[in-house]
Every structure is written in C-alpha cells, then in structure tokens.
Amino acid sequence: MENVFIVTKITNSSMTEFIVDWIYGNDANSVGGASSVNLSSIPLQDRQSVPVVQEFLKTKLGNAFFEEQDAIIANPATARPNL
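A brief look at the structure comes next. (Residues numbered from 1 in each chain as written. Predicted model: local features only at pLDDT ≥ 70, side-chain atom pairs only at ≥ 80, totals over all residues. Heavy atoms only, no water.)

1. Focus: the overall build of the protein chain
Working step 1: For the protein chain, the helix and strand inventory stands at one helix and three strands.
Working step 2: Mapped in sequence order, the helices and strands of the protein chain form the string β-β-β-α.
Working step 3: By its C-alpha atoms, the protein chain is 40 × 25 × 20 Å across when sized along the principal axes.
Working step 4: Per-residue burial over the protein chain gives 29% buried out of 83 residues.
Working step 5: Of the contacts made within the protein chain by residues no fewer than 6 positions apart, 37% connect residues no fewer than 24 positions apart.
Working step 6: As displayed, the protein chain has an accessible area near 5,100 Å², and 53% of this comes from carbon and sulfur atoms.
Working step 7: With 5 positive and 9 negative side-chain charges, the protein chain shows a separation of 8 Å between the mean positions of the two kinds. (Helix = DSSP H or I, 4+ residues; strand = E, 2+ residues; numbered from the N terminus. Buried < 20%, exposed > 50% of the residue type's maximum accessible area, 1.4 Å probe, protein only. Contact = heavy atoms within 4.5 Å. Areas by Shrake-Rupley, 256 points an atom, 1.4 Å probe, with all protein chains shown as cover. Lys, Arg positive; Asp, Glu negative; His and termini not counted. Charge placed at Lys NZ, Arg CZ, Asp CG, Glu CD.)

Given below as structure tokens:
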C-alpha cells in the first residue's frame, strides 16, 4: 500500500504562522508530527483549508523529507529526527 500525506489539524499562532499537524504512512504503519509553517504566501481565506495547506506543505517539505519518512516507516526502530 502506498504511503499518503494527510494534514489533520491547522492551528494559527498569528495571521501568518501556523502549526500544522500531519500523518504520513498507510494503514499498516505511519508517523506523525507537527510543523511550524509560515502561510503568508497562501491567500488569507485559504490558510485554514486542509487541501490547500496539504499541497503547500507537500511542496515545501520536498522529496527528501518523504524519503526520510519512508525509511522510518520501513524500519520503526530508526531514531526519529527532530522536526
């Protein structure tokens, strides 16, 4: 089963700074975390939109992040990096 990235919660700290909770993985194994994100490049009305923020964060985090998460999921004993 393919791993997927899901935003579960968006909490604003200010008009531009948000804490985004996320889960990455599949039904068998997943990891989760929270990222502090500046969403000033997203229109104000879309900053609480899960699909918009999810796509923005996927792009911002980049392939290296998801490759690292894939390695963690493949070997849960791997030390979890600070996010």
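That covers the picture; the talk isn't over yet.
2. Here's the deal with the packing of aromatic side chains
Here the distance between the centres and the angle between the planes together describe a pair of aromatic rings.
Working step 1: Taken as a whole and judged by the stated rule, the model has five aromatic pairs.
Working step 2: Ring geometry for Phe5 versus Phe66: centroids 5.3 Å apart, planes at 85°, classification edge-to-face. Residue Phe5 is located in strand β1 (residues 4-12), and its partner Phe66 is located in helix α1 (residues 50-74); the two are separated by 61 residues in the primary sequence.
Working step 3: Seen in terms of ring centroids, Trp22 and Phe65 are 5.3 Å apart; in terms of plane orientation they differ by 80°. Their pairing is edge-to-face. Placement of the pair is Trp22 in strand β2 (residues 17-25) and Phe65 in helix α1, with a sequence separation of 43 residues. Here the two residues Trp22 and Phe65 agree in accessibility, since each one is buried.
Working step 4: An aromatic cluster is defined as three or more aromatic residues linked by ring pairs; in this entry it consists of Phe5, Trp22, Tyr24, Phe65 and Phe66. (Phe/Tyr/Trp six-rings, centres within 6.5 Å; stacked < 30°, edge-to-face > 60°.)

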